[in-house]
Amino acid sequence: MLRVAVLLSGRGSNLQALIDACGAPDFPAEIIHVISNNPDAVGLLRAQDAGIGTSVLNHREYETREAFDTEVTRVLEDANAELVCLAGFMRILTEGFVSHWTDRLLNIHPSLLPSFKGLDAQQQALDAGVKLAGCSVHFVRPGVDEGPIIAQAAVPVLDDDDAKALSARILALEHRLYPRVVRLIAEGRVTVVDERVTISDSQAPTGALSNPSRD
Ligand code: GAR
């Protein structure tokens, strides 16, 4: 069983999707600890309900980013975490932290990266007028929402979408994609070479998703 820790700041619906996936008897990973920088994060309650240990590391109580990140690493290593999943963790991590966890640190972002990094990705997609949007799971590198992409999933943007409607459509995909990626990593099928990811024994979809779908 791959030992997975989750870092979050808020609602924790992606944590919930991972918890639910780990509940399946054949799932090759387990969530062993959850860290939040926000003491009021709903995600902490989700972890506690599932019997998962939690730590609150309030970034306001640390003098520097380095001091905060060092403490996060200490907690992760105490818990023997092998993989760290950012799931709505809204803090920029230092280069030192990111390189310590190279290829063991994942992020999920609600856009088809490298488009629309940072905050309000769904509104950025609407403002740009794209016809397909989606989510990405990637290995983390220094730089916000940067790093080798492991998997992406796409949805159409509809004419009457607002950020809320588009976010909900993307979020439903996030909840499916993140557990799938954790499974692939736990199965040892994900490799990074020259900052590009390959997945052994995987199948690309045969059909294309286009929007509009017909003229
Ligand atoms: C998710 O949509 C996730 O992709 C996004 O925050 C949300 C967290 O929701 N992450 C980012 O924007 C990272 N740049 P959740 O707390 O319900 O999982």
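Every chain's residues receive numbers from 1 upward, in the order its sequence appears when written. At least 70 in pLDDT is required for a residue's local features to be given in this predicted model, at least 80 for side-chain atom pairs to be given and counted, and no such filter applies to totals for whole chains, interfaces and linings, which use all residues. Calculation of side-chain values draws on the structure's entire complement of heavy atoms; hydrogens and water are dropped beforehand.

1. Focus on the overall build of the chain
Put simply, the test is: Strands here mean DSSP runs of E at least two residues long; helices mean DSSP runs of H or I at least four residues long; both are numbered from the N terminus. Categorising residues by exposure relies on relative accessible area from a 1.4 Å probe, with only protein chains included: less than 20% of the type maximum marks a residue as buried, more than 50% marks it as exposed, and the intermediate range marks it as partly exposed. The contact criterion used throughout is that any non-hydrogen atoms of two residues lie within 4.5 Å. Residue-level accessible areas treat just the shown protein chains as cover; the underlying method is Shrake-Rupley with a 1.4 Å probe. Counting rule applied: Lys, Arg positive; Asp, Glu negative; His and chain ends not counted. For charged residues, the charge sits on one atom: NZ in Lys, CZ in Arg, CG in Asp, CD in Glu.
Along its length, the chain carries six helices and nine strands. Considered along the principal axes of its C-alpha atoms, the chain spans approximately 55 × 40 × 35 Å. Per-residue burial for the chain yields a buried fraction of 46% across its 215 residues. In the chain, once contacts between residues fewer than 6 apart in sequence are set aside, the share between residues at least 24 apart is 64%. Surface exposure of the chain reaches about 11,200 Å², of which carbon and sulfur atoms provide 49%. Computed over 19 positive and 29 negative side-chain charges, the separation of the two mean positions in the chain equals 4 Å.

2. Looking at the nonpolar core
Counted only if it meets this: We call a set of buried residues a nonpolar core when its members are Ala, Val, Leu, Ile, Met, Phe, Trp, Tyr or Cys and they connect through side-chain atoms within 4.5 Å of each other.
Core analysis: the biggest nonpolar cluster contains 45 residues, and Leu106 and Val182 have the highest contact counts within it. Excluding anything up to four places from it in sequence, Val182 contacts Val4, Leu18, Phe27, Ala29, Leu83, Cys85 and Leu106. Among the nonpolar cores identified, the runner-up in size contains 20 residues, and Ile32, Val75, Leu76 and Leu93 belong to it.

3. What to know about the packing of aromatic side chains
Put simply, the test is: Whether two aromatic rings pair depends on their centres lying within 6.5 Å, for rings of Phe, Tyr and Trp, where Trp uses its six-membered ring; planes under 30 degrees apart make the pair stacked, over 60 edge-to-face, and the rest tilted.
Across all of its chains, the model carries two aromatic pairs by this definition. Centre to centre, the rings of Tyr62 and Phe68 are 5.5 Å apart; their planes meet at 75°, and the pair counts as edge-to-face. Here Tyr62 falls in the partly exposed class, since its relative accessible area comes to 24%. With 6.3 Å between their ring centres and 40° between their planes, Phe97 and Trp101 make a pair best called tilted.

4. A word on the site of the ligand
How we decide: We call a residue near a given molecule or strand whenever any one of its heavy atoms falls within 4 Å of it. Counted as a polar contact is a pair of N or O atoms within 3.5 Å, where, for protein atoms, one must be capable of donating a hydrogen and the other of accepting one, and residues adjacent in sequence contribute only when both atoms are in side chains.
Near the ligand you find Arg11, Gly12, Ser13, Asn14, Gly88, Met90, Ile108, His109, Pro110, Asp145, Leu171 and Glu174, and these make up its full shell. Separating an oxygen atom of the ligand from a backbone N or O atom of Gly12 is a distance of 2.8 Å. One of the side-chain nitrogen or oxygen atoms of Ser13 is found 2.6 Å away from an oxygen atom of the ligand. When the free accessible area of the ligand is taken as 450 Å², the share hidden by the protein chains comes to 88%.

5. Focus: the pattern of salt bridges
This is how the line gets drawn: Salt bridge, as applied in this entry: a Lys or Arg side-chain nitrogen positioned within 4 Å of an Asp or Glu carboxyl oxygen.
Per the counting criterion, the structure on display carries 10 salt bridges. One salt bridge in this structure joins Arg141 and Glu195, with 2.7 Å as the shortest N-O distance. Taken together, the residues Arg141 in the loop between strand S6 (132-139) and strand S7 (149-156) and Glu195 in the loop between strand S8 (190-193) and strand S9 (196-199) connect sequence positions 54 residues apart. The buried category is assigned to Arg141, whose relative accessible area is 13%.

6. Some remarks on the pairing of strand S2 (residues 29-36)
Put simply, the rule is: Here a strand pair is declared whenever DSSP counts at least two bridges between the two strands. Viewed with both strands pointing away, a crossover whose connecting path from the first strand over the helix to the second turns clockwise is right-handed.
Along S2, seven of the eight residues are buried, which leaves the element largely enclosed by surrounding structure. Pairing of strand S1 (residues 2-8) with S2, which is carried by seven bridges, proceeds in the parallel orientation. Counterpart to Leu7 in the pairing with S2 is Ile35. Taken together, S1, helix H1 (residues 13-22) and S2 form a β-α-β motif whose crossover is right-handed. Note: S2 against strand S3 (residues 53-56), four bridges, orientation parallel. Opposite Val34, over in S3, you have Thr54 as the bridge partner. Note that the unit made of S2, helix H2 (residues 42-49) and S3 has a crossover that is right-handed.

7. Details of the layout of surface pockets
We count it as follows: As defined here, a cavity is a set of points on a 1 Å grid over the protein atoms alone where a 1.4 Å probe fits but cannot get out. A pocket is an open set with protein on both sides within 12 Å along at least five of seven lines, and residues line them when an atom is within 4 Å of a point. Grid points are joined across faces, edges and corners, and a volume is the space filled by probe spheres set on the points. Nonpolar residues are Ala, Val, Leu, Ile, Met, Phe, Trp, Tyr, Cys and Pro. Charged residues are Asp, Glu, Lys and Arg, and all others, Gly as well, are polar.
Quantified by volume, the largest pocket comes out at close to 910 Å³. The set of elements that each furnish at least two residues to the lining of the largest pocket consists of H1, strand S5 (105-109), helix H5 (121-128) and helix H6 (163-186). Counting residues per element, the lining of the largest pocket draws most heavily on H6, at four residues. In terms of residue class, the lining of the largest pocket is made up of 17 nonpolar, 14 polar and six charged. One number sums up the size of the second largest pocket: a volume of about 590 Å³. In terms of lining residues, the second largest pocket is bounded by 22 residues, among which Gln152, Arg180, Gln203, Ala204 and Pro205 are the most central. Residue composition of the lining of the second largest pocket, grouped by class: 14 nonpolar, four polar and four charged.

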